[in-house]
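Secondary and tertiary structure notes
Next come the chains, spelled out residue by residue.
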Amino acid sequence: MRASRAIQLAFVAVLFALWWQATHGWHVSALLLPTPLAVLLRARVLISSGEVWTPLAATAIEVAGAFSLSAVIGLALGVFIARAGLRIRVAEPLLTALNAIPAILFFPLFTLVFGLGAGSKIALGATIGVFPIALNTISGLSNVERPLITAAISMGASRMALLRHVLLPAAAPSVLAGLRIGLTLSFLAVLGGETIASFDGLGHQIADAADNMEAATMYAYILVVVLVAAVLNQALARLDGFGQRR
Amino acid sequence: MTDIAIQITEAAHRFGGVAALAPTSLSVRRGELLCLIGPSGCGKSTLLNIMGGLLAPESGRTEIFGEAITGPRPDRIAFVFQESTLMPWNTIIENIELGLIFQGAAKAGRRERAAEALAAVGLSEFANHYPSQLSGGMRQRAALARVLCLDTDIILMDEPFGALDEQTRMVLGEDLSVLLSRTGKTIVFVTHSLGEAVFLADRVAVFSARPGTIKTIVEVGAAHPRTPEFVTSAEFAVLRNRLYTELHEEIRRTMGPELRLAAASADGGRVAG
């Protein structure tokens, strides 16, 4: 455990060293890659001035909206489909095929329908996030050990009791894995959408800074995104640990 | 009150066109322990599932206490299966309570009833363990506690000790005999083990090869609870040998021609196997 953490930290350190070397030793243009110090200083200013909070809040709201939608729809769809073998045989290949279509192609449509604000990012994030959640829910529910179901039925379990006390707990690890992938994808989709067309959000700031050739600002916002992703990842790892507790 | 707990009349079933159970009739008396024994695939489990309402036979009739069976009857019939069917995400006590929840028992007193059942099988100190923390034998003991807690008139057991080693199985068999002699429940017990059948049963129904039906019923006269001494008695050996003879012919019919040397020593010398 300790060793792996040390290697991970060393990896980050090497990354920063290479960055430093690129800007100082190899003289990469500051327009493309500012020095680590310049970026860190810029990030500090963004945070201390409070400038970062507005776009961060916008992104957070969009991700929360997109993920909640995809979780609710994905779980409901998954439970509905997994209740009958026929529905699984019909719907699972369909969902898998739909999932293979790059949803980003619908982003222009979403901006037409929902506008350039949060709506179109939430729609995109939800569209992308819903598939892994639904598919993992179906796979989790349809792989429950048959004897557990038979035993519950023999003891008189109603359909609701079966779902609540047998099917959902048995499917929990798979469902949680789906939620985890769904959240990650929603996050990526929201940021992607923001860099393409938006008024606000971290992705918007990154695209804006790039347009204005403010490389330090752009990297500073990227650093913020990396931090947010790390926090999200930690939270998800905890969720996974909860799913595996037994 | 009738003295017949379960009445099967001409029940027959096929799986995907393959006959699993030839027309079979059987009466299980109230309060007896009846063992079903027979070659693999002879329809013992099929018959058990029909009795419990888990499987609707293609033809024939099932009654418990004079009432036709059309589906599970958690109020009157409980099952113990070969595999552990304890929910791995629940503790042992939660698992036993879950049976009561499924059965529809009132919330008040559920935990106490579960604890009582656990105490009856000697697992009180493992109440808050998860199934994966228990040995196979302890898990089946917990499954037994769950069934006792459901307090049904009839218990159907499908090779409950089938996955356990022989020593564990002997001890559990003794415990079961003691527990059941106290409760007066009607039990049908599927097993592969001749020794287990003689040790536990009041009567042993021997199945013919597939499509199976009941070939003969052997009475075991000894009183319950049975002790380890019963296993070494002459009576036990006679009954076990009789079952072996009845069964041997049927098993051969499913397995193909005899290899003279191998068959002579294959199952002959074991006592409680």
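Residues numbered from 1 in each chain as written. Chains lettered and ligands numbered in written order. Predicted model: local features only at pLDDT ≥ 70, side-chain atom pairs only at ≥ 80, totals over all residues.

1. Topic: the overall build of chain A
Within chain A, the regular secondary structure consists of 10 helices and 0 strands. Reading chain A from its N end, one meets helices and strands in the order α-α-α-α-α-α-α-α-α-α. Viewed in the frame of its principal axes, chain A has a C-alpha envelope of about 75 × 50 × 30 Å. Expressed as a percentage of the 246 residues in chain A, the buried residues total 37%. The contacts in chain A between residues at least 6 apart in sequence include a share of 75% that link residues at least 24 apart. (Helix = DSSP H or I, 4+ residues; strand = E, 2+ residues; numbered from the N terminus. Buried ≥ 20, exposed ≤ 12 C-beta atoms within 10 Å, placed from the backbone. Contact = placed C-beta atoms within 7 Å.)

2. A look at the packing of helix 8 (residues 159-196) of chain A against helix 9 (residues 202-211) of chain A
Residues and elements named next belong to chain A. Across the interface, helix 8 lies against helix 9 with an axial gap of 7 Å and an inter-helix angle of 40°. Relative to helix 9, helix 8 is oriented oblique. The two elements helix 8 and helix 9 cross, and the hand of that crossing is right-handed. Taking contact as the criterion, the partners of Leu191, Gly192, Gly193, Glu194 and Thr195 in helix 8 are, on helix 9, Leu202, Gly203, His204, Ile206 and Ala207. Residue classes in the contact of helix 8 with helix 9 are distributed as 4 nonpolar, 5 polar and 1 charged. (Axes fitted to C-alpha atoms, helices over the stretch in contact; angles between N-to-C directions. Parallel < 35°, antiparallel > 145°, perpendicular 65-115°, else oblique. Left-handed = near helix turned anticlockwise from the far one by under 90°. Nonpolar A, V, L, I, M, F, W, Y, C, P; charged D, E, K, R; others polar.)

3. A few points about the packing of helix 5 (residues 107-114) of chain A against helix 6 (residues 118-142) of chain A
Any two packed helices are characterised by the angle at which their axes cross and by the distance between the axes. Residue and element names in this part refer to chain A. At a closest axis distance of 8 Å, the pairing of helix 5 and helix 6 adopts a crossing angle of 140°. Comparing the axis directions of helix 5 and helix 6 gives the class oblique. Handedness of the helix 5/helix 6 crossing: right-handed. Facing Phe107, Phe110, Thr111 and Phe114 of helix 5, the residues of helix 6 in contact are Gly119, Ser120, Ala123 and Leu124.

4. Description of the interface of chain A and chain B
On the chain B side, the residues contacting the 15 residues of chain A number 20 residues. Listing elements by their share of the side of chain A that touches chain B, those giving two or more residues are helix 7 (146-154) and helix 8 of chain A. The dominant element in the side of chain A that touches chain B, judged by the number of residues it contributes, is helix 7 of chain A, at 7 residues. Partitioning the side of chain A that touches chain B into residue classes produces 10 nonpolar, 4 polar and 1 charged.

5. A look at unusual backbone geometry
Negative phi is the rule for most residues except glycine; trans is the rule for most peptide bonds. Residue and element names in this part refer to chain A. Positioned with a positive phi, His27 is a non-glycine residue whose angle comes to about 50°. You can see His27 is positioned in the loop between helix 1 (2-24) and helix 2 (36-48). Positioned with a positive phi, Met213 is a non-glycine residue whose angle comes to about 55°. Within the secondary structure, Met213 sits in the loop between helix 9 and helix 10 (215-243).

6. Some details on helix 5 (residues 166-183) of chain B
Three or four residues apart is the spacing at which side chains of an α-helix point the same way, because the helix has 3.6 residues per turn. Residue and element names in this part refer to chain B. For helix 5, which comprises 18 residues, the first-to-last C-alpha distance of 25 Å matches the rise-based estimate of 26 Å (1.5 Å per residue) to within 8%. Turning to helix 5, its buried residues are Arg169, Met170, Leu172, Gly173, Leu176 and Leu180. End-on, the buried residues of helix 5 take up no more than an arc of 165°, which puts them together on one face. Facing away from the buried side of helix 5 by over 90 degrees, the exposed positions are Gln167 and Arg182. In this structure, the buried side of helix 5 is in contact with strand 3 (33-37), helix 4 (136-150), strand 8 (186-191) and helix 6 (194-200). Positive phi appears at Gly184, one or two residues downstream of helix 5, with a value of about 65°. (Expected span 1.5 Å × (residues − 1). Arc of directions from axis to C-beta.)

7. With respect to helix 1 of chain A
When the terminal C-alpha atoms of helix 1 of chain A are compared, their 33 Å separation across 23 residues agrees well with the 33 Å that a helix rising 1.5 Å per residue should span. In terms of burial, helix 1 of chain A is largely open, as just 1 of its 23 residues are buried.

8. Regarding the sheet that holds strand 4 (residues 59-64) of chain B
Residues and elements named next belong to chain B. The sheet built from 4 strands is open, its strands ordered 2-1-4-5 with antiparallel pairing. Of all strands in the sheet, those with a lone pairing partner are strand 2 (18-29) and strand 5 (67-68), marking the two edges. The strands touched by helix 1 (residues 44-51) within the sheet are strand 1 (4-15), strand 2 and strand 4, with strand 1 carrying the most contacts at an inclination of about 125°. (Pairing = 2+ DSSP bridges.)

9. Here we look at the sheet that holds strand 8 of chain B
Residue and element names in this part refer to chain B. Here we have 6 strands laid out as an open sheet, ordered 6-7-8-3-9-10, and mixed in their pairing. Strands with a single pairing partner mark the edges of an open sheet, and in this sheet they are strand 6 (77-80) and strand 10 (214-219). Pairwise comparison of adjacent strand axes, ignoring direction, gives a mean angle of 20° for this sheet. Against the sheet, helix 4 makes contact with strand 6 and strand 7 (154-158), and its axis sits at roughly 180° relative to strand 6, the strand it touches most.

10. So, the pairing of strand 7 of chain B
Residue and element names in this part refer to chain B. The buried fraction of strand 7 amounts to 5 of the 5 residues, a majority that puts the element mostly inside the structure. Side chains of strand 7 alternate between two faces, with Ile154, Leu156 and Asp158 and Ile155 and Met157 buried alike. Of the pairings in the sheet, the one linking strand 6 to strand 7 comprises 4 bridges and is parallel in character. Bridge pairing in strand 7 links Phe79 to Leu156. With 5 bridges joining them, strand 7 and strand 8 adopt parallel strand pairing. Of the residues in strand 8, the one forming a bridge with Met157 is Phe189. The parallel pair strand 7 and strand 8, bridged by helix 5, forms a crossover whose chirality is right-handed. (Right-handed = clockwise from strand over helix to strand, strands pointing away.)

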